[in-house]
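Analysis of the macromolecular model
The chain contents come next:
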Amino acid sequence: MMCIGMFMAILDVQVVATSLPTIQHALRINPDQMSWVQTAYLIAEVIAIPLTGFLTRLLSMRWLFVVAITTFTIASIGCATSSSFSSLIAWRVFQGFSGGTLIPAVFSAVFLLFPFRLQGVATTIAGVLAVLAPTVGPIVGGWITTTYSWHWLFLINVAPGVLSSFAAVWLLPVGRPDAGQMRTLDFISLALMIIMLSALEIGLKEAPHRGWLSPFIIVLLAVTAISAIAFVYRTLRALHPVVELRTLANRNFAIGCILSFVLGIGLFGSVYMMPVFLAFVRGHNALEIGKIMLVTGIAQLVTAPVAVALERRVDARLLTAGGFFLFSVGLGLSAFQTDQTDFAGMLWPQVVRGVAIMFCILPPTRLALGQLSAAQVPDASGLFNLMRNLGGVIGIALIDTVIYSRSPTHAEAIMSRLQNGDIETAKTVGIPLKMFLSHGPEMIDAGMQTMLKPAIERLTLVQAINEAWLMVALLTLAALLCVPFARFQQQSGDQHKLIACSA
């Protein structure tokens, strides 16, 4: 039931993304404000994720999940019934904050509620749903909007939310809420964290469009840096920190967070680049895009049992290294797309990535959380999951920067080759060969450049996206450098957890 709640929270971002134009038209939202429907959710989510440890101690795991899933369900109804932009944004904030606590709560439950022998299975179920939601999100969102209306993008959360809430009250172990935690809450650190994450999220979102050196972005990044320094300084000195940063002193947990961050770049980046390519280069609608992207999810499901079996028998470091290497190969295979690439050309890169993902989730999760004490797990799980989300946000910002900055450069290069009489470039752009040979480069006048602009823009977008795929692949490959520094872990039968041993 907890996994269903997490799945809903992750799925919500993707199903709404595919239908933003429909929502914009229905509520008469200005085009430059449309992205706030997603940004409001994501900012609230990244603020909530690191607070999960504190909220778990305050409410207990059982009541935290019940409150979070109930709030998420009510907020979903609020979003569906919104009649204005402002009311939709307000409900999206509540939805994002409650959804943000559901994700780390599930991974905490894996290590707090299950014995060691079942942790691999529980982690697999949580991991599959965590990465499956972004994959099936486009097809679900496209189908709902096409078949029904945009309101059902939110109303589909109601029935699972109500069932999960009642099931959690019945099935989750009774915990003792600790209201005294409120007296220990460092409100100054909390305010600094909110400012830091909000400024970072908005800055990364706007930087590719406004420019990284624009005054607005410089101010936001400066606010992020100053508040981050103040937050870290105050948190490390606090008796009861909002986020337990000292856990990063654990080598395996720190390495796990690095791997989670890099995985976020690859996961969110690939799910972002595929729809952009398929929509703007191939002209597919949301439903068609979703069907193509299902390959990754199917590969994940098929691989999951194998990953669980190997995870119990093979050193987590070896599985992690193999998973990230294979994932980087899958990302790199997508760096050779053309404007004619479609399902067949995307099949094997998706299969490779889908097979690799489970090995990028299971071993690193155990590496990071498996050796920690029960008291450390809630805070650590929040930080671990936050790193993946931040990786996704930063990765998408880097991808957008590559696309927006490299496309004009590629366009100039293509035009220069045409003016120099390059036949292959003319064929690629779509100029009839006989016409180009008979008239020569002189035909590329201002009028012809205007006619060729759509074709050139499509080609430059393909080239820029390919460079972004390559960048993400290299970043994923670079993550392998930290794996040898992780310490070997072995099972402790008495404690039902992993302990770190000297490598």
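The structure under discussion appears in the preceding block.
To keep things clear, this report deals only with the structure shown in the data block.

What to know about the overall build of the protein
Within the protein one finds 20 helices and two strands. Taking 23 Å as the expected radius of gyration for a compact globule of 503 residues, we find that the protein reaches 24 Å, a close match to that expectation. For the protein, the C-alpha atoms occupy an extent of roughly 85 × 55 × 45 Å along the three principal directions. Taking all 503 residues of the protein together, 55% fall into the buried category. Partitioning the contacts of the protein with sequence separation of at least 6, the portion at a separation of at least 24 is 80%. Both charge centroids of the protein, one from 29 positive and one from 23 negative side chains, sit 10 Å from each other.

Regarding the environment of Asn 157
Inspection of the secondary structure assignment puts Asn 157 in the loop between helix H8 (152–155) and helix H9 (158–171). Sequence separation between Asn 157 and Pro 138 is 19 residues; the distance between their C-alpha atoms is 16 Å. Contact partners of Asn 157, with chain neighbours within four places excluded, come to Met 8, Asp 12, Phe 72, Thr 73, Ser 76 and Gln 95. At 3.3 Å, the side chain of Asn 157 and the side chain of Asp 12 are in polar contact.

Some thoughts on unusual backbone geometry
Positive phi is not limited to glycine here, since Arg 28 has a value of about 55°. Considering the arrangement of structural elements, one finds Arg 28 in the loop between helix H2 (20–27) and helix H3 (36–48). Judged by relative accessible area, which is 78%, Arg 28 ranks as exposed. If you check the backbone angles, Ser 60 has positive phi at about 85° while not being a glycine. As for its placement among the helices and strands, Ser 60 is situated in the loop between helix H4 (52–59) and helix H5 (61–80).

Observations concerning a nonpolar patch on the surface
Together, Phe 325, Leu 326, Val 329, Leu 333, Leu 470, Leu 474 and Leu 477 give the surface a local cluster of nonpolar side chains, amounting to about 570 Å² of exposed area. Ranked by residues supplied to the nonpolar patch, first place goes to helix H15 (residues 316–333) with four residues. Following the sequence through the fold, Val 329 ends up in helix H15.

Structural notes on the nonpolar core
In terms of nonpolar packing, the biggest core is built from 53 residues, with Met 2, Met 6, Ile 23 and Phe 154 touching the most fellow members. At 10 residues, the largest contribution of residues to this core is made by helix H1 (residues 2–17). When near neighbours in sequence (up to four residues on either side) are disregarded, Phe 154 contacts Asp 12, Val 16, Ser 76, Cys 79, Ala 80, Leu 88, Arg 92 and Gln 95. Grouped together as the second largest cluster of nonpolar side chains are 43 residues, Val 262, Ile 289, Leu 480 and Ala 486 included.

With respect to the environment of Ala 309
Tracing the backbone through its elements, the reader meets Ala 309 in helix H14 (residues 286–313). In sequence terms Ala 309 and Val 121 are 188 residues apart; their C-alpha atoms lie 9.1 Å from each other.

Brief notes about the environment of Thr 338
Mapped onto the elements of the fold, Thr 338 is located in the loop between H15 and helix H16 (343–369). In this structure Thr 338 comes out as partly exposed when scored by relative accessible area, which is 41%. A sequence separation of 125 residues divides Thr 338 from Gln 463, and the C-alpha atoms of the two residues are 8.0 Å apart. Not counting the four nearest positions on each side in its chain, Thr 338 is found in contact with Phe 277 and Val 462.

Considerations on the packing of H1 against H5
At a closest axis distance of 11 Å, the pairing of H1 and H5 adopts a crossing angle of 40°. Classified by the angle their axes make, H1 and H5 are oblique. Both H1 and H5 take part in a crossing whose hand is left-handed. Only Met 61, Phe 65, Ile 69 and Phe 72 of H5 make contact with H1, whose side of the interface consists of Met 2, Gly 5, Met 8, Ala 9 and Asp 12. Of the residues assigned to the contact of H1 with H5, the class counts are seven nonpolar, one polar and one charged.

Observations regarding the side chain of Ser 98
With respect to the element layout, Ser 98 can be found in helix H6 (residues 85–113). Among the polar contacts made by the side chain of Ser 98, one reaches the main-chain amide nitrogen of Phe 72 at a distance of 3.4 Å. If we skip the residues at most four places from it in the chain, Ser 98 touches Ala 68, Thr 71 and Phe 72.

Describing the pattern of salt bridges
Within this structure, the stated rule accounts for 12 salt bridges. Two residues, Arg 92 and Asp 12, come together in a salt bridge whose shortest N-O distance is 2.4 Å. With Arg 92 in helix H6 and Asp 12 in helix H1, the pair connects residues that are 80 residues apart, well separated along the chain. Judged by relative accessible area, which is 1%, Asp 12 ranks as buried. In this structure, the salt-bridge partner of Glu 457 is Lys 453, at a minimum N-O distance of 4.0 Å. Of the two residues, Glu 457 and Lys 453 both sit in helix H20 (residues 446–478), four residues apart, roughly one turn of that helix. Here the salt bridges share partners, and the residues they tie into one network are Lys 205, Glu 206 and Arg 210.

Some details on helix H11 (residues 187–210)
For H11, built from 24 residues, the straight-helix expectation of 34 Å at 1.5 Å per residue is met to within 8% by its first-to-last C-alpha distance of 33 Å. Its maximal kink placed at Leu 204, H11 deviates by approximately 25°, while the proline Pro 208 follows within four residues. With a side-chain oxygen positioned 3.2 Å from the backbone nitrogen of Ile 188, the residue opening H11 is Asp 186. Directly beyond the C-terminal end of H11, a positive phi value near 105° is found at Gly 211.

Rules used throughout
Residues numbered from 1 in each chain as written. Predicted model: local features only at pLDDT ≥ 70, side-chain atom pairs only at ≥ 80, totals over all residues. Heavy atoms only, no water. Helix = DSSP H or I, 4+ residues; strand = E, 2+ residues; numbered from the N terminus. Rg over C-alpha atoms; globule rule 2.2 N^0.38 Å. Buried < 20%, exposed > 50% of the residue type's maximum accessible area, 1.4 Å probe, protein only. Contact = heavy atoms within 4.5 Å. Lys, Arg positive; Asp, Glu negative; His and termini not counted. Charge placed at Lys NZ, Arg CZ, Asp CG, Glu CD. Polar contact = N/O pair within 3.5 Å; in protein donor to acceptor, adjacent residues only side chain to side chain. Patch = residues over 30% accessible without salt bridge, like charges linked within 9 Å, V, L, I, M, F, W, Y side chains within 5 Å. Areas by Shrake-Rupley, 256 points an atom, 1.4 Å probe, with all protein chains shown as cover. Salt bridge = Lys/Arg side-chain N within 4 Å of Asp/Glu carboxyl O. Core = buried A, V, L, I, M, F, W, Y, C linked by side-chain atoms within 4.5 Å. Axes fitted to C-alpha atoms, helices over the stretch in contact; angles between N-to-C directions. Parallel < 35°, antiparallel > 145°, perpendicular 65-115°, else oblique. Left-handed = near helix turned anticlockwise from the far one by under 90°. Nonpolar A, V, L, I, M, F, W, Y, C, P; charged D, E, K, R; others polar. Expected span 1.5 Å × (residues − 1). Bend = angle between axes of the 7 residues up to and from the residue.

Fair warning: the whole summary comes from geometry, so function is off the table for now.
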